[in-house]
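For reference, the chains in residue letters:
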Amino acid sequence: MGPLVAANALAWLLAFTLFHANTLLLGAAALAYGLGLRHALDADHIAVIDNVTRAALRENREARAAGLFFSLGHSTIVCLATLVIVLAGQPYRTQIDTFATQGGLFGTWISVLFLIVIATLNATTLHDLWRRRRSAETTYPEMPPRGLSRLLAPVLRQVSVSWHLYPVGFLFGLGFDTASEISLLGISTVQTQHGLPIWQIMIFPLLFTSGMALLDTADSVLMHGLYRRAGRRANWNLTLTAVSVLLALAIAGIELVNLLADHLPGLETLTSLASLLSDHFELIGAAVFCASVFGWLVLRSGREELAS
């Protein structure tokens with residue numbers, strides 16, 4: 001986390017050096033950074049990072065950088081979209097909007113499929129934990145994979161290394177239709193019209209990336225520590241794994257309903273609820289993140305009490 005905090009500080013130093021004489025530009029820079037922090041708390045980000053961290057720990061792999069690589073992959077699309085809009089200008093806005101719509105559909109389908117796959121993988125872990133709890137075996141390592149666990153083991157190994165999250169984040173980023181990303185593109189477009197040089201405009205997606213990477217990485221570090229501390233506590237381990245699986249399936253279900261809304265006649269209540277929840281993904285993600293922090297503090301205090 002130290003180098004990432006330093007990178008955030010450098011990004012802000014650059015922004016302040018360039019914009020300190022213009023309060024409006026400095027305010028736009030702060031808004032871009034805030035949008036990155038907000039987007040990092042999107043529920044699908046939290047669900048992916050939490051579930052991949054859980055899957056990595058089952059394979060005894062390092063998972064602290066999962067959030068960093070996911071956010072970098074996601075931010076690549078944001079930076080490219082900003083650059084294209086700045087370079088293309090108004091004559092090509094229609095084509096860009098069409099690409100954004102198609103990319104949004106593709107990115108959302110990728111999100112749904114990945115969340116379902118990773119939730120299924122962790123559901124096998126949940127089953128093993130439950131079976132182990134019933135047999136009163138409450139210590140690591142986990143039971144050898146059997147049945148579906150063994151069948152999915154090769155897939156699990158392909159998504160349980162931190163850097164593998166970069167292409168996943170890139171594909172997720174194709175659905176850049178969230179309020180945060182649209183607002184960032186709007187900021188960049190306005191500054192283009194005011195004659196700001198391209199290299200200075202790219203400071204805004206840089207700050208967006210910095211904020212998102214910082215919070216997403218903090219989430220993966222937090223979940224890594226939380227699962228490690230819960231490893232020898234059967235009830236905590238079972239509960240955390242269940243919450244991660246349910247969160248991933250819930251987010252995938254909401255996105256799937258939104259995708260198929262036009263093909264679900266008579267289910268207006270369901271589609272309206274899914275639309276409402278997707279509009280508040282940041283609030284859902286923030287709630288899960290805060291609950292994770294609380295759980296980490298509880299486990300830490302419990303460990304200190306045992307040590308004393």
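This text follows the structure it describes.
These remarks concern the structure in this document. Keep in mind that what you see is a predicted model, and the values were worked out from it rather than measured.

1. A look at the overall build of the protein chain
Helix and strand counts for the protein chain stand at 13 helices and zero strands. Counting from the amino terminus, helix and strand elements in the protein chain follow one another as α-α-α-α-α-α-α-α-α-α-α-α-α. Relative to its 308 residues, the protein chain shows a buried fraction of 47%. Sequence-distant contacts, at least 24 apart, represent 83% of the contacts inside the protein chain between residues at least 6 apart. With an accessible surface of roughly 14,900 Å², the protein chain has 68% of that area assigned to carbon and sulfur atoms.

2. Notes on the packing of aromatic side chains
All told, the structure shown has four aromatic pairs when counted by the stated rule. Relative to Phe-204, the ring of Phe-19 lies with its centre 5.7 Å away and its plane at 10°, an arrangement referred to as stacked. You can see Phe-19 sitting in helix 1 (residues 2-19) and its partner Phe-204 sitting in helix 10 (residues 203-230), a full 185 residues away along the chain. When its relative accessible area of 0% is taken as the criterion, Phe-19 is described as buried. Through a chain of ring-to-ring contacts, three or more aromatic side chains come together here, namely Phe-70, Phe-114 and Phe-172. Looking at Arg-54, its charged tip hangs above the ring of Tyr-227, at a distance of 5.3 Å from the centre.

3. Notes on a nonpolar patch on the surface
On the surface, a nonpolar cluster with roughly 350 Å² of combined accessible area is contributed by Leu-105, Trp-109, Leu-113 and Leu-260. Note that Trp-109 resides in helix 5 (residues 93-134). Classification of Trp-109 by relative accessible area gives partly exposed; the value is 37%.

4. Section: the side chain of His-39
For His-39, the position within the fold is in helix 2 (residues 23-40). When its relative accessible area of 1% is taken as the criterion, His-39 is described as buried. A distance of 3.5 Å separates a polar atom in the side chain of His-39 from a polar atom in the side chain of His-45.

5. Description of the packing of helix 10 against helix 11 (residues 234-259)
Interaxial distance between helix 10 and helix 11 falls to 8 Å at its minimum, and their mutual angle equals 145°. You can see that helix 10 and helix 11 cross each other, and the crossing is left-handed. Contacts between helix 10 and helix 11 involve Leu-226, Tyr-227 and Ala-230 from the former and Trp-236, Asn-237, Leu-240, Thr-241 and Ser-244 from the latter. When its residues are assigned to classes, the contact of helix 10 with helix 11 shows five nonpolar, three polar and no charged.

6. Side note on helix 1
An ideal rise of 1.5 Å per residue puts 26 Å on 18 residues; helix 1 measures up with 26 Å between its terminal C-alpha atoms. Every buried residue of helix 1 is listed here: Leu-4, Asn-8, Ala-11, Ala-15 and Phe-19. Projected down its long axis, helix 1 carries its buried residues within an arc of 60°, all on one side. Within helix 1, the exposed residues directed more than 90 degrees away from the buried face are Pro-3, Leu-10 and Leu-13.

7. A word on the pattern of salt bridges
Counted according to the given criterion, the structure contains two salt bridges. Arg-38 serves as the salt-bridge partner of Glu-282, at 3.6 Å between the closest nitrogen and oxygen. You can see Glu-282 sitting in helix 13 (residues 281-307) and its partner Arg-38 sitting in helix 2, a full 244 residues away along the chain. Judged by relative accessible area, Arg-38 falls into the partly exposed class, the value being 36%. Measuring nitrogen to oxygen at the nearest pair gives 3.1 Å for the salt bridge that ties Asp-128 to Arg-131. With Asp-128 and Arg-131 both in helix 5 and three residues apart, this pair spans about one turn of that helix. According to the relative accessible area criterion, Arg-131 is partly exposed, its value standing at 25%.

About the criteria used
Residues numbered from 1 in each chain as written. Predicted model: local features only at pLDDT ≥ 70, side-chain atom pairs only at ≥ 80, totals over all residues. Heavy atoms only, no water. Helix = DSSP H or I, 4+ residues; strand = E, 2+ residues; numbered from the N terminus. Buried < 20%, exposed > 50% of the residue type's maximum accessible area, 1.4 Å probe, protein only. Contact = heavy atoms within 4.5 Å. Areas by Shrake-Rupley, 256 points an atom, 1.4 Å probe, with all protein chains shown as cover. Phe/Tyr/Trp six-rings, centres within 6.5 Å; stacked < 30°, edge-to-face > 60°. Lys NZ or Arg CZ within 6 Å of the ring centre and 35° of its normal. Patch = residues over 30% accessible without salt bridge, like charges linked within 9 Å, V, L, I, M, F, W, Y side chains within 5 Å. Salt bridge = Lys/Arg side-chain N within 4 Å of Asp/Glu carboxyl O. Polar contact = N/O pair within 3.5 Å; in protein donor to acceptor, adjacent residues only side chain to side chain. Axes fitted to C-alpha atoms, helices over the stretch in contact; angles between N-to-C directions. Left-handed = near helix turned anticlockwise from the far one by under 90°. Nonpolar A, V, L, I, M, F, W, Y, C, P; charged D, E, K, R; others polar. Expected span 1.5 Å × (residues − 1). Arc of directions from axis to C-beta.

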